[in-house]
Amino acid sequence: MKYNLDYSPPAPSIKVRFSSPTSTNSMEIEAKIDSGADITVLPQNVVRELRLIPAGRVTVSSFDGQEERKYTYFLNLHFGNFKFSMVEVVGAKRRDALLGRDVLNLLKTILDGKTMNFELLDP
Amino acid sequence: MVKTTLEVDDDLWRRFSILVIREKGERRKNEVIVELIREYVERFGITEDPQQLRYIIQVEEEREAFNRVRDKLIRDPNYSGKYVAFFQGAIVGCDDDKGRLAQNVYERYGYIPVYIDRVAAGERRVEVPSPELSGREV
């Protein structure tokens, strides 16, 4: 897969379909591969659209050490041939999702910045 | 409109009153307090969606119930280190895997506001260093 040139600098990103845990409501949005993120992050408007119900709370530390309390939600996500059930995510005011290490650690991720290609595999 | 009563330290209130008179004039304390509350809400951010607000209130109540018994659960080997789900102030599920726990609870009770947390000391903490995360609305 190719890096997404809409990011500057270009970044590995994929379309991920997020779906509500108990209904057929779903939304497909761009998700940036973010190996620095402990947890997957979902735009707040998707939380609203899918009518997700909060199920937990975590303290999120940001890049500058700032801490925020965020509610968490469980939902299903799928991209390519991969499907993950009941993944816990946090909501944030942003336009795309971040695919964090909670999901990436279930896969083999190969980033090749030189050729701007990346792969997500489950060998 | 809600009418409420505040308990404030005498000296703090006196100094606040003087400052408001100095900066805004007589009988403007209420207006300043309302403005401070608005700034606080905007700074920390909370959804304006009434349904989401109801869910958040319910989840916070379940979290309070969890916090009341957290220490007891930590000492109990049946719960310590595991995830528990709280609904209507009581434990409705326990599992090593939070996703499986959520699935079981939603299957049994429907998609309702439960609170799921790990039985351990302190709040769960995660790191998301991406700068674009900022934006406080929950």
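Structure: above.
Below is a summary of the structure that appears in this document. A quick note: this is a predicted structure, and the numbers were derived from the prediction, not measured.

Another aspect to go through is the interface of chain A and chain B. Each partner contributes to the interface: chain A provides 34 residues, whereas chain B provides 32 residues. Broken down by secondary-structure element, the contributors of at least two residues to the side of chain A that touches chain B are α1 (44-49), β4 (56-61), β5 (67-79) and β6 (82-92) of chain A. Considered class by class, the residues forming the side of chain A that touches chain B number 16 nonpolar, nine polar and nine charged. Across three bridges, β4(A) lies against strand β4 (residues 125-127) of chain B in parallel orientation. The residue of β4(B) that forms the bridge with Thr59(A) is Arg125(B).

This next bit is on the nonpolar core. Val41(A), Ala55(A), Tyr73(A), Leu75(A), Val89(A) and Ile116(B) are the most contacted members of the largest nonpolar core, which has 43 residues in total. Of all the elements, β5(A) adds the most residues to this core, at five residues. Excluding residues that lie within four positions of it along the chain, Ala55(A) makes contacts with Thr72(A), Tyr73(A), Phe74(A), Ala102(B), Val114(B), Tyr115(B) and Ile116(B).

Thresholds, definitions, all that
Residues numbered from 1 in each chain as written. Chains lettered and ligands numbered in written order. Predicted model: local features only at pLDDT ≥ 70, side-chain atom pairs only at ≥ 80, totals over all residues. Contact = placed C-beta atoms within 7 Å. Helix = DSSP H or I, 4+ residues; strand = E, 2+ residues; numbered from the N terminus. Nonpolar A, V, L, I, M, F, W, Y, C, P; charged D, E, K, R; others polar. Pairing = 2+ DSSP bridges. Core = buried A, V, L, I, M, F, W, Y, C linked by C-beta atoms within 7 Å. Buried ≥ 20, exposed ≤ 12 C-beta atoms within 10 Å, placed from the backbone.

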